[in-house]
Amino acid sequence: MEPGSIQYKLRVPFTLLAFLFVVIHFVFLVCYFEPAISTPDAQGYFVQAKLIAKQGRTYLEPESILQYIGPHWRHTSNNRYFATFPPGLPLILAIVYKIFGPKAALLLNPLMASLSLVGLFLLCRLWLGESWALLAIALMAINPFANEHALFGDSHTAVVFFLIWALFFLFQWEKTHSPWLAFITGLFIGVIPTIRYPEVLFCFAFGVFVLLHLQRDKVFWHSLIAGAIGALIPLGILCIRNQIVFGVFWKTGYTILRGADAFFAWNYFVDNSLPYLQKIMSEGCGLIFGLGVIGITTLCARYHTWKQGMLFALLVLPITSVYMSYYWKPDPQSMRYLLPTFPIYTIAGVWLLRQISEDRRLSAWASSIVLLLITIFWGLPQSLSSMRYLKKQNGVLAEVTNVVERYISAGSILITNEGISQHLDFIGHWRLVDASVLNSLYQRPPRMFAQSHNIAPPNAYRNIEAGLKYGNLAGSGLIDLFLDDVWQWAKMSRKAVYLIAKEKQINALKWHLLPEDRLVTIAEIKIPIGSPSRSNAQERLRPEGPMGPDQIFDFRWGKERLFLIKWIRKFPDKRYKQKGGLLSLGGAVSDSKNR
């Protein structure tokens with residue numbers, strides 16, 4: 001038998017192992033997946049997707065001043081509310097939403113996370129070979145922030161996906177100068193600013209890299225034009241949309257926020273740079289960060305690799321500096337902004353290991369195993385902890401959704417906590433009212449003693465008209481007006497009114513009912529018992545300010561039972577039908593026995 005054939009038989013099928021590893025990674029993510037969103041950022045993206053899929057637009061037009069509006073939506077004009085986030089990711093989600101439904105759209109982020117590993121393997125295989133490419137995707141697959149945000153519902157996973165695949169096509173173009181590869185590269189990198197505005201800096205890095213390869217021949221110029229066209233398609237669409245919405249093509253959704261001009265400043269960079277560096281080493285990228293920095297530096301210093309090193313440096317330094325200059329102080333979730341840089345550090349770090357151990361295969365295996373083991377012991381427990389908590393959070397919302405879908409017809413009015421509303425708003429079947437005002441009732445004196453207390457619902461002030469109407473009211477007058485507006489909306493839409501609430505909220509509401517009101521219990525929503533505390537990794541899931549254990553935004557669960565209530569009011573109105581001795585709204589039977 002020939003030596004060559006023996007060597008072939010002993011050859012490890014790294015490519016096959018890599019694709020098997022990607023499948024295992026996706027199954028791992030799906031094991032912690034629940035069909036729900038539990039963060040305000042996710043609400044901003046996924047509700048845009050719903051609007052595009054169902055109505056072909058990216059803005060909200062509230063029917064009532066009480067209609068739920070998420071925290072990342074702002075008023076522009078003509079009763080229109082736009083999300084501060086760009087519509088690139090929502091457009092992609094909307095395609096899945098339209099074809100397969102809202103719950104299928106929630107699987108897109110985990111799928112992109114695993115497909116990013118495919119792109120990373122193919123990219124590293126071009127540079128480093130199959131074995132080192134397998135190590136790179138193993139390191140990235142264990143990263144706790146990457147795994148957590150694959151299920152988080154925000155945009156950072158999508159940015160990683162498009163960046164990695166754009167790099168893969170770019171390095172293929174570097175060899176061939178193919179116009180088609182240039183076009184695909186431009187298209188993928190051009191999509192990224194439509195997903196997150198600040199990441200337009202990645203386009204600059206790609207542009208510099210292409211210009212460093214400038215040649216005076218037709219093939220290069222044809223590919224340059226093709227790449228520019230590819231990038232301008234998504235960027236042009238975004239600019240046209242911004243021109244229509246904001247009046248100037250270069251304005252973004254952030255410009256409608258108050259104080260947007262002061263979001264980035266040098267003093268923030270001075271204060272935030274050291275905490276960011278500490279976090280990227282301890283919570284974000286881990287051990288591979290240091291190796292990646294040395295690797296990028298070495299790439300820049302070498303004659304044959306300085307262009308690639310310059311590309312990597314331009315991909316990590318500007319975006320890191322921008323987010324270090326952001327006014328928001330570093331918190332346990334700040335590393336999400338730098339998530340797209342993690343694959344760059346991984347590629348450069350593995351390249352450095354390969355260079356160091358090029359002639360010493362034994363030391364190469366040993367160093368790789370040590371690095372992988374350290375990363376596993378660092379990253380896997382954090383991944384499991386954060387993903388378990390996300391599964392628990394989203395599982396609660398998924399159960400609430402199942403009950404709502406079972407008992408409440410589409411179009412009905414539902415009053416509930418914002419933590420629940422932000423998910424149900426994405427599902428898109430019901431008219432939602434923020435229950436913040438009702439949450440405060442049981443903490444206040446009854447109606448007759450509540451005149452001096454301001455318990456306005458925070459969500460009401462996201463609606464400009466609601467702010468004008470409720471802003472100067474307090475106590476019982478505010479509550480009564482709020483409830484009257486709920487029923488005015490019910491009469492206008494000819495729909496029933498429901499409430500998801502705890503016993504304290506229900507008992508407090510009874511003080512404000514009219515004689516013709518009835519509260520009928522439809523179902524008890526079974527949700528898990530609350531845990532006494534949360535770990536440090538779970539504490540990273542705070543979407544807004546300090547939050548207690550077992551809490552989704554303003555919704556706490558675990559100690560009190562949660563009920564679905566039908567709120568019946570007998571209207572002396574000919575538009576409402578008499579049925580079985582009771583009045584019903586639009587023909588909906590107002591008796592739990594008929595449910």
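The coordinates are above.
Right, let's walk through the structure included here. Counting of residues starts from 1 at the beginning of each chain's written sequence and follows it residue by residue. In keeping with the predicted nature of the model, local features appear solely for residues at pLDDT of at least 70, side-chain atom pairs appear and are counted solely at 80 or more, and the whole-chain, interface and lining totals rest on all residues. As a rule here, side-chain values come from all non-hydrogen atoms in the structure, and water together with hydrogens is ignored.

Comments concerning the sheet that holds strand 2 (residues 73–75)
Formally: One requirement defines pairing of two strands: DSSP has to find at least two bridges between them. Secondary structure follows DSSP: runs of H or I at least 4 residues long count as helices, runs of E at least 2 residues long count as strands, and numbering of each begins at the N terminus. Contacts are assigned to residue pairs with any non-hydrogen atoms lying within 4.5 Å of each other. Axes here mean lines fitted to C-alpha atoms, for a helix over just the part in contact, with angles spanning 0 to 180 degrees between N-to-C directions.
One open sheet accounts for 3 strands, arranged 1-3-2; its pairing is antiparallel. Single-partner strands in this sheet number two, and they are strand 1 (59–60) and strand 2. Sheet analysis places strand 2 next to strand 3 (residues 81–83), joined by 3 bridges and oriented antiparallel. Residue pairing for strand 3: W73 is matched across the bridge by A83. Against the sheet, helix 3 (residues 40–55) contacts strand 1, strand 2 and strand 3, and its axis sits at roughly 70 degrees relative to strand 2.

Here we look at the sheet that holds strand 4 (residues 413–416)
What links the strands of a sheet is backbone hydrogen bonding, and the strands pair in either a parallel or an antiparallel sense. In space, the 5 strands of this open sheet follow the order 5-4-6-10-7, with mixed pairing throughout. In the strand order of this sheet, the two ends are held by strand 5 (431–434) and strand 7 (517–525), each with one partner. Between one strand axis and the next, the sheet turns through 25 degrees on average, direction left out of account. With 4 bridges joining them, strand 4 and strand 5 adopt parallel strand pairing. Residue pairing for strand 5: L414 is matched across the bridge by L432. Taken strand by strand, helix 17 (residues 361–407) contacts strand 4, strand 6 (497–502), strand 7 and strand 10 (562–569), and its axis lies near 130 degrees from that of strand 7. This element, helix 18 (residues 418–427), spans strand 4, strand 5 and strand 6 of the sheet and lies at about 160 degrees to strand 5.

Considerations on the environment of R556
Where we set the bar: Think of it in three bands: with a 1.4 Å probe and only protein chains considered, a residue is buried below 20% of the maximum accessible area for its type, exposed above 50%, and partly exposed in between.
The topology assignment puts R556 in strand 9 (residues 555–556). For R556, a relative accessible area of 46% puts it in the partly exposed group. Along the backbone, R556 and N417 are 139 residues apart, and their C-alpha atoms lie at a distance of 9.3 Å. Those residues in contact with R556, other than ones at most four positions away along the chain, are K502, D550 and Q551.

Details of the packing of helix 3 against helix 4 (residues 88–100)
We apply this condition: Oblique is the label for any angle not under 35 degrees, not over 145, and not in the 65 to 115 range, which are roughly parallel, roughly antiparallel and roughly perpendicular in turn. Note on convention: the crossing is left-handed when the near helix lies turned anticlockwise from the far helix by less than a right angle, right-handed when the turn is clockwise.
Contact geometry of helix 3 with helix 4 gives a least axis separation of 7 Å together with a crossing angle of 55 degrees. As summarised for this structure, helix 3 and helix 4 are arranged oblique, according to the angle between their axes. Handedness of the helix 3/helix 4 crossing: right-handed. The residues of helix 4 that touch helix 3, namely those facing Y45, F46, Q48, A49, K50, I52, A53 and K54, are L89, P90, L91, L93, A94, Y97 and K98.

Describing the nonpolar core
What tends to happen in soluble globular proteins is that the nonpolar side chains get buried as a cluster. Applied cut-off: In these notes, a set of buried Ala, Val, Leu, Ile, Met, Phe, Trp, Tyr and Cys residues joined through side-chain atoms within 4.5 Å is what counts as a nonpolar core.
L167, L311, F312 and L315 are the most contacted members of the largest nonpolar core, which has 148 residues in total. Ranked by residue count, the leading element in this core is helix 9 (residues 156–176), at 15 residues. Apart from residues lying up to four places away in sequence, L167 is in contact with L123, F206, L311, L315 and I344.

Quick look at helix 3
Note the following rule: Given a helix with a known number of residues, its expected span is that number minus one, times 1.5 Å.
For helix 3, which comprises 16 residues, the first-to-last C-alpha distance of 22 Å matches the rise-based estimate of 22 Å (1.5 Å per residue) to within 8%. Across the 16 residues of helix 3, 14 count as buried, placing the element largely inside the fold. G56, located one to two residues past helix 3, shows a positive phi value of around 70 degrees.

Notes on the packing of aromatic side chains
Basically, it comes down to this: Working definition: rings of Phe, Tyr and Trp (its six-membered ring) pair if their centres are within 6.5 Å, and the pair is stacked with planes under 30 degrees apart, edge-to-face with planes over 60 apart, and tilted otherwise.
Counting across every chain of the model gives 30 aromatic pairs. Ring geometry for F169 and F188: centres 5.4 Å apart, planes at 65 degrees, overall edge-to-face. In this pair, F169 is assigned in helix 9 and F188 in helix 10 (residues 179–195), connecting sequence segments 19 residues apart. Accessibility expressed as a relative area gives 18% for F188, which makes it buried.

As for the packing of helix 3 against helix 18
To keep things clear, this is the line we draw: Ten residues, namely Ala, Val, Leu, Ile, Met, Phe, Trp, Tyr, Cys and Pro, are considered nonpolar, four, namely Asp, Glu, Lys and Arg, are considered charged, and the remaining ones, Gly among them, are considered polar.
Two numbers describe how helix 3 lies on helix 18: the axes approach to 8 Å, and their chain directions differ by 20 degrees. As far as their axial angle goes, helix 18 and helix 3 are roughly parallel. Here the hand of the crossing between helix 3 and helix 18 comes out left-handed. Of helix 18, the residues touching helix 3 (which contributes P40, Q43, F46, V47 and K50) are Q422, D425 and F426. Of the residues belonging to the contact of helix 3 with helix 18, the class tally is 4 nonpolar, 2 polar and 2 charged.

Some details on helix 12 (residues 218–246)
What counts, and what does not: Two axes enter the bend calculation: one fitted to the seven residues ending at the residue in question, the other to the seven starting there, and the bend is the angle between them. Polar contact is the term for a pair of N or O atoms within 3.5 Å; when the atoms are in protein, one must be able to donate a hydrogen and the other to accept it, and sequence-neighboring residues count only if both atoms are side-chain atoms.
Across its 29 residues, helix 12 extends 40 Å between first and last C-alpha, which sits within 8% of the 42 Å expected from 1.5 Å per residue. Taking the largest bend as the criterion, helix 12 deviates by roughly 35 degrees, centred on L232, and proline P234 comes between one and four positions later. Those residues of helix 12 that sit buried are F220, S223, A226, G227, G230, A231, P234, L235, L238, R241, N242 and F246. The N-cap residue of helix 12 is D217: its side-chain oxygen and the backbone nitrogen of V219 are 3.2 Å apart.

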